[in-house]
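Topology and contacts: notes
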Amino acid sequence: MKYLMGVDEGTTGCKAILFTDEGTQIASTAREYPSYYPNPGWVEQDIYEIKKAVFECIEETIVKSNVNPSDIVGISHSNQGITMVLLDENEQPVFEHTIGWQDLRYVDILPELMKEVDQKEYLKISGMQYGTYNIPVLRWLQINEKEKWSKVKRICSHQDWFLRQYGADGYYIDEGCANFLSMVRMSDNEWDERLLKYYNVTEDMLPKVVHIPGTVVGNVSEEVSKATGLPVTCKVCLGNLDANSCAIGSGADEIGTQLLIMGTAGVSIFVTDKDKLDPNGRITVRTNPGFGNWQNYIMTNTGASAFRWFRDSICSMEVATSKLMGMDPYDIITTIASHSKPGANGVTALTCIQGSHTRKKNEKARGSFFGINLGTTKADLAESILEGICFEMKDIMAMNQELSGEVTHVRLCGGVAKSPMWCQMFADILERPVELTKVSELGALGAAMCAGIGAGLYKDCEDAVKRCVKITEIYKPDNNKKNDYNDAFKVWEKYYRIAVSYTHLRAHETCADL
């Protein structure tokens, strides 16, 4: 028997999971790590804290599995959105902390930067608007951290940085991460000089784009073998941005598939055969790696992380109780939410707590509760948070249909998929059946499938999907809740338009348009 190690390195934590070549999970280990918020809107992480957690997870998973380590033939990596690691000429980080993909320190200079950009040209070349992701933070560093910036010789995503740590012979990036860096052509996913100039970046600072998931880029080094237990014969294989790993792990290869990935961000991938640009620039159009078709890609900065904020900031008692009872605190909170009802007794939550990036883009938007009264309970607040996250994804799904046609089926993954109550809520609010796969940890499975391609166990992504992906559960919408959720969604839409616009106006110190 041969085994595959899939690493899912997310924003708030990581998992290392060992799979068989049929996609059966053998053992897993997870760790959490912090983000740091030195100023409002700033988000930073310590790359070495993350590396330590990743390596510990790999080592512990191998021990738990009781397999012969020499039978682990490949490792691949699924990484969080573009949290950039900026290296000097000696491959050492220039800054103490990496700047997270949720970081918004650049928003005050964004209007001036956008004056330099030919927006029509940028959209046509890249498939997205300038500033869709937080890559303009590079310009902020050039202006505000000139001395440190002068030492930057290489710009890494977590994909190419971690592959290098495992033993890759250079810096290699997948199409999804390259797309997030906002400097590749939509047509062929290669760096484009016209886009590089907007960030004052040269191509020699960037990793090599590799287009085939699972491409072998090296072998596990002796140092890593000693630290993790992986054998030096284990192939290091190109992985993917977390969303694309989930797309592979869920088998999102058919036209009309709507994949909702509810992790730290709320990510929507709609599979289409059209490379049709969104004239409003709200939806990124990009390739669907490994499958030969296209994605409509759109994300919220805070999906399930809004629920984590609720857990950490408001539910300390539930967290303490969960530790005593050996339970997941989210299970306790969703149980509490179940004591409310559809519409949360009039409470509406906007979960754009780190900017709005969907139908109405505004990086300065912030989250809010509306409709709270003296009778409002914690159950209502919890219900409204869950509903608010679902409503935003419902709105995104409608945007996809407006651009590219009908959704034929919906698949749900991420931590949300572990909650039957929340899965049912998604089905009810979307008014569509929601499919779950046998393996819930799709980021890690997608990475393992890439490792299997590199190790020669699968011919390609299509072959890996046939071997590893199985739909095992379908949540059907409850028509008795349809009217209540539709009414609540209309209220959410109203508050969303008003609140996002108000934050925008307040940021520009005028209320003339209110």
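Residues numbered from 1 in each chain as written. Predicted model: local features only at pLDDT ≥ 70, side-chain atom pairs only at ≥ 80, totals over all residues. Heavy atoms only, no water.

Topic: the overall build of the chain
Rules: Helical segments are the DSSP runs of H or I of at least four residues, strand segments are the runs of E of at least two, and each set is numbered from the N terminus. Only the C-alpha atoms count toward the radius of gyration. The rule for a globule is 2.2 Å times the residue count to the power 0.38. Only protein chains enter the area calculation, which uses a 1.4 Å probe; residues under 20% of their type maximum are buried, those over 50% are exposed, and those in between are partly exposed. Any two residues whose heavy atoms approach within 4.5 Å are treated as being in contact. Computed with a 1.4 Å probe, the accessible areas rest on the Shrake-Rupley method; for each residue, only the protein chains presented here act as cover. Think of it this way: Lys and Arg go in the positive column, Asp and Glu in the negative one, and His and the chain ends go nowhere. Working definition for charges: the position is that of NZ of Lys, CZ of Arg, CG of Asp or CD of Glu.
Each helix and strand in the chain was counted, giving 18 helices and 21 strands. For the chain, whose C-alpha radius of gyration is 22 Å, the value lies close to the compact-globule estimate of 24 Å for 514 residues. By residue count, 60% of the 514 residues in the chain fall in the buried class. Relative to all contacts within the chain whose residues are 6 or more apart in sequence, the contacts with residues 24 or more apart total 71%. Looking at the chain as shown, the accessible area adds up to about 20200 Å², and 50% of this sits on carbon and sulfur atoms. Of the charged side chains in the chain, 53 are positive and 68 negative; the average position of the first set lies 2 Å away from that of the second.

Description of the confidence of the model for the chain
Note the threshold: pLDDT is a residue-level measure of predictor confidence that goes from 0 to 100.
Scored by pLDDT, the chain has a mean of 92; 96% of the residues are at 70 or more. Note on residues 504-514: pLDDT under 50 across the span, and six contacts to partners over four residues away in sequence or across chains.

Structural notes on the environment of Gly443
Take Gly443: it is sitting in helix H16 (residues 442-454). With a relative accessible area of 2%, Gly443 lands in the buried category. Ignoring sequence-local partners within four residues, the contact set of Gly443 consists of Asp8, Ser78, Ser245 and Cys246.

Some points on the pairing of strand S15 (residues 284-288)
Along any regular strand, the residues point their side chains to alternate faces of the sheet. Our working definition: Two strands are counted as paired when DSSP detects at least two bridges linking them.
Most of S15 is tucked away: five of the five residues are buried. Two strands pair when backbone bridges link them, and S15 and strand S16 (residues 293-300) are joined in this way by five bridges, in the antiparallel orientation. Within S16, the position partnered with Thr284 by the bridge is Tyr297. Between S15 and the antiparallel strand that follows it, S16, lie four residues; Gly290 among them carries a positive phi value of about 90 degrees.

Looking at a nonpolar patch on the surface
Formally: Patches draw on residues past 30% relative accessible area with no salt bridge. Two like charges within 9 Å are joined, as are two nonpolar side chains (Val, Leu, Ile, Met, Phe, Trp, Tyr) within 5 Å. Within this document, salt bridges are pairs made up of a side-chain nitrogen of Lys or Arg and a carboxyl oxygen of Asp or Glu, the two lying within 4 Å of each other.
Taken together, the side chains of Leu324, Met325 and Met327 define a hydrophobic patch exposed on the protein surface, amounting to about 350 Å² of accessible area. Within the secondary structure, Met327 is located in the loop between helix H12 (316-325) and helix H13 (329-337). Classification of Met327 as partly exposed rests on a relative accessible area of 35%.

Points about the sheet that holds strand S11 (residues 216-219)
Strand pairing in a sheet relies on backbone hydrogen bonds. The paired strands run either parallel or antiparallel. Counted only if it meets this: Each axis is a line fitted through C-alpha atoms, and for a helix only the stretch in contact is used; angles between axes span 0 to 180 degrees, taken between their N-to-C directions.
Taken together, six strands build an open sheet; the order of strands is S3-S2-S1-S5-S12-S11 and the sheet is mixed. Because the sheet does not close on itself, it has two edges, and the strands there are strand S3 (25-32) and S11. Taking the axes of each pair of neighbouring strands and ignoring which way they run, one obtains an average angle of 20 degrees across the sheet. When strand S2 (residues 13-20) meets S3, the two strands line up antiparallel, connected through seven bridges. Paired with Ala16 across the bridge in S3 is Thr29. The strands that helix H1 (residues 47-65) touches are strand S1 (3-9), S2, S3 and strand S5 (72-79); relative to S3, the one it contacts most, it runs at about 150 degrees.

Focus on the side chain of Ser250
Topologically, Ser250 is positioned in helix H10 (residues 242-250). Not counting residues up to four positions away in its chain, the partners in contact with Ser250 are Leu259, Arg411, Thr437, Leu442 and Val469.

Topic: the side chain of Asp428
This is how it is decided: Think of a polar contact as two N or O atoms within 3.5 Å of one another; within protein, one of them needs to be a possible hydrogen donor and the other a possible acceptor, and neighboring residues in sequence only count if both atoms come from side chains.
Structurally, the position occupied by Asp428 is in helix H15 (residues 420-430). Among the residues examined, Asp428 registers a relative accessible area of 3% and is labelled buried. One polar contact links Asp428 to Gln424, side chain to side chain, over a distance of 2.8 Å. Those residues within four positions of Asp428 in sequence are excluded, and the remaining contacts are Lys476, Pro477, Asp478, Lys481 and Tyr485.

Points about H10
Burial analysis of H10 places eight of its nine residues in the buried class, the great majority of the element. Where H10 is concerned, the buried positions are Ala243, Asn244, Ser245, Cys246, Ala247, Ile248, Gly249 and Ser250. In the stretch just after H10, Gly251 is the one whose phi turns positive, near 70 degrees.

Considerations on the pairing of S2
With seven of eight residues buried, S2 is to be regarded as a mostly interior element. Bridging between S1 and S2 involves seven bridges; their strand directions are antiparallel. Bridging from a neighbouring strand, Tyr3 pairs with Thr20 of S2. Counted between consecutive antiparallel strands, the loop separating S1 from S2 contains three residues. Between S2 and S3, which follow one another and run antiparallel, lie four residues, and Gly23 among them has a positive phi close to 80 degrees.

Some points on the sheet that holds S16
The strand order across the open sheet formed by seven strands is S15-S16-S14-S13-S19-S20-S21, and the pairing between neighbours is mixed. Bordering the open sheet on either side are S15 and strand S21 (471-475), each of which pairs with just one other strand. The mean angle between the axes of side-by-side strands here comes to 30 degrees, regardless of whether they run parallel or antiparallel. Here strand S13 (residues 257-262) pairs with strand S14 (residues 266-272) via five bridges, running antiparallel. Residue pairing in the sheet places Met262 in a bridge with Gly266 of S14. Strands S13, S14, S15, S16, strand S19 (409-414) and strand S20 (434-437) of the sheet are contacted by H10, whose axis makes an angle of about 125 degrees with S13.

A short note on the packing of helix H14 (residues 378-404) against H15
The test is simple: Should an angle fall under 35 degrees it is taken as roughly parallel, and over 145 as roughly antiparallel, whereas 65 to 115 is taken as roughly perpendicular and any remaining angle as oblique. Crossings are assigned a handedness: left-handed for a near helix turned anticlockwise from the far helix by less than a right angle, right-handed for a clockwise turn. Classification convention: Asp, Glu, Lys, Arg as charged; Ala, Val, Leu, Ile, Met, Phe, Trp, Tyr, Cys, Pro as nonpolar; all other residues, Gly among them, as polar.
The N-to-C vectors of H14 and H15 enclose an angle of 45 degrees; their axes lie 10 Å apart at closest approach. For the element pair H14 / H15, the angle class is oblique. The interaxial crossing formed by H14 with H15 has right-handed handedness. Contact residues: H14 offers Glu383, Leu386, Glu387, Ile389, Cys390, Phe391, Met393, Lys394 and Met397, while H15 offers Met421, Trp422, Met425, Phe426, Ile429 and Leu430. Across the contact of H14 with H15, the residue classes tally to twelve nonpolar, no polar and three charged.

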